[in-house]
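# Working through the structure, step by step
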Amino acid sequence: MKAQRVSLWLVAAMFFLCSVHTRGLRRCLISMDIHHIEETFQEIKKTIQAKDTFQNVTILSTPETLHSIKPLDVCCMTKNLLAFYVDKVFKDHQELNPQILRKISSIANSFLYMQKALQRCQEQRQCHCRDEATNATRIIHDNYDQLEVRSAAIKLLGELDVFLAWIDKNHQGPSAA
């Protein structure tokens, strides 16, 4: 009888811990309209991708980058890539067309907002960085650094739809708008 109670208690404790862990991951949702950012990007996508001189090369779509990220690493990977886009890609890109520059600035501002949301998660210790996320981030940085700066910035700007779709898939909750 005691063994049965202990077993029942252990099952209940495991269920509770799993549900707490899952809810902890879901608290780092990005409450932003990713579809609006995607629409903004779609307006400039053809122009950006037309400037891409390495159309047969991808940085974000390789199997060892975004597609291999486990749920535990999603927050960290998102945080790392948002920072990379804000600190490197948007700054390295030199755009002369004022309409496209405005769209890119709008996307960059949205990325800053998302960065702040994930920063709060990290401060609350809900956004852990494991080796897998760090390695995937390093691969993206290395692939970026192998290209000339301007070409690399255009390449990753042209792959924004891949990153945005990944964010949408991994961070949007039912109440996110």
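As a reminder, the structure under discussion sits directly above these lines.
Our subject in this report is the structure included herewith.

Thresholds, definitions, all that
Residues numbered from 1 in each chain as written. Predicted model: local features only at pLDDT ≥ 70, side-chain atom pairs only at ≥ 80, totals over all residues. Heavy atoms only, no water. Helix = DSSP H or I, 4+ residues; strand = E, 2+ residues; numbered from the N terminus. Contact = heavy atoms within 4.5 Å. Areas by Shrake-Rupley, 256 points an atom, 1.4 Å probe, with all protein chains shown as cover. Core = buried A, V, L, I, M, F, W, Y, C linked by side-chain atoms within 4.5 Å. Buried < 20%, exposed > 50% of the residue type's maximum accessible area, 1.4 Å probe, protein only. Expected span 1.5 Å × (residues − 1). Arc of directions from axis to C-beta. Salt bridge = Lys/Arg side-chain N within 4 Å of Asp/Glu carboxyl O.

A separate point is the overall build of the protein. When helices and strands are tallied, the protein shows 7 helices and 0 strands. Its helices and strands taken in sequence order, the protein reads α-α-α-α-α-α-α from the N to the C terminus. Long-range contacts, defined as pairs at least 24 residues apart, comprise 89% of the intrachain contacts of the protein with a sequence gap of at least 6. Only carbon and sulfur atoms are counted for the fraction: they give 57% of the accessible area of the protein, which is about 10,500 Å².

With that out of the way, let us pick up the nonpolar core. Counting 45 residues, the largest nonpolar core has Tyr85, Phe90, Phe111, Met114 and Phe163 as its most contacted members. For this core, the secondary-structure elements that each account for two or more residues are α2 (34-50), α3 (74-92), α4 (98-123), α5 (131-146), α6 (149-158) and α7 (160-171). Residue contributions to this core peak at 10 residues, all from α3. Contacts of Phe111, omitting those with residues within four sequence positions, involve Ile37, Leu82, Tyr85, Val86, Phe90, Leu160, Phe163 and Leu164.

Here we come to α7. Working note: α-helix, 3.6 residues per turn, so residues spaced by three or four point in the same direction. The terminal C-alpha atoms of α7, which comprises 12 residues, lie 16 Å apart, in line with the 16 Å expected from a rise of 1.5 Å per residue. Among the residues making up α7, those that are buried are Leu160, Phe163, Leu164, Trp166, Ile167 and His171. Viewed along the axis of α7, the buried residues span an arc of 160°, placing them on a single side of the element. Residues of α7 that are buried sit in contact with α2, α3, α4 and α6.

Time to look at the side chain of Ser151. The residue Ser151 is located in helix α6 in this model. Here Ser151 is in contact with Thr53 and Phe54, once residues within four sequence places are set aside.

So, on to the pattern of salt bridges. Under the counting rule described, the total for this entry stands at 7 salt bridges. A salt bridge links Asp52 to Lys155, with the shortest nitrogen-to-oxygen separation between them at 2.5 Å. Of this pair, Asp52 sits in the loop between α2 and α3 while Lys155 is found in helix α6, placing the two residues 103 residues apart along the sequence. An identical accessibility class is assigned to Asp52 and Lys155; each is buried. Put simply, Arg130 and Asp73 hold a salt bridge, and the shortest N to O gap is 2.9 Å. Highlighted residues: Arg130 in the loop between α4 and α5 and Asp73 in the loop between α2 and α3, separated in sequence by 57 residues. A single salt-bridge network, built from bridges that share partners, covers Asp73, Arg130 and Glu132.

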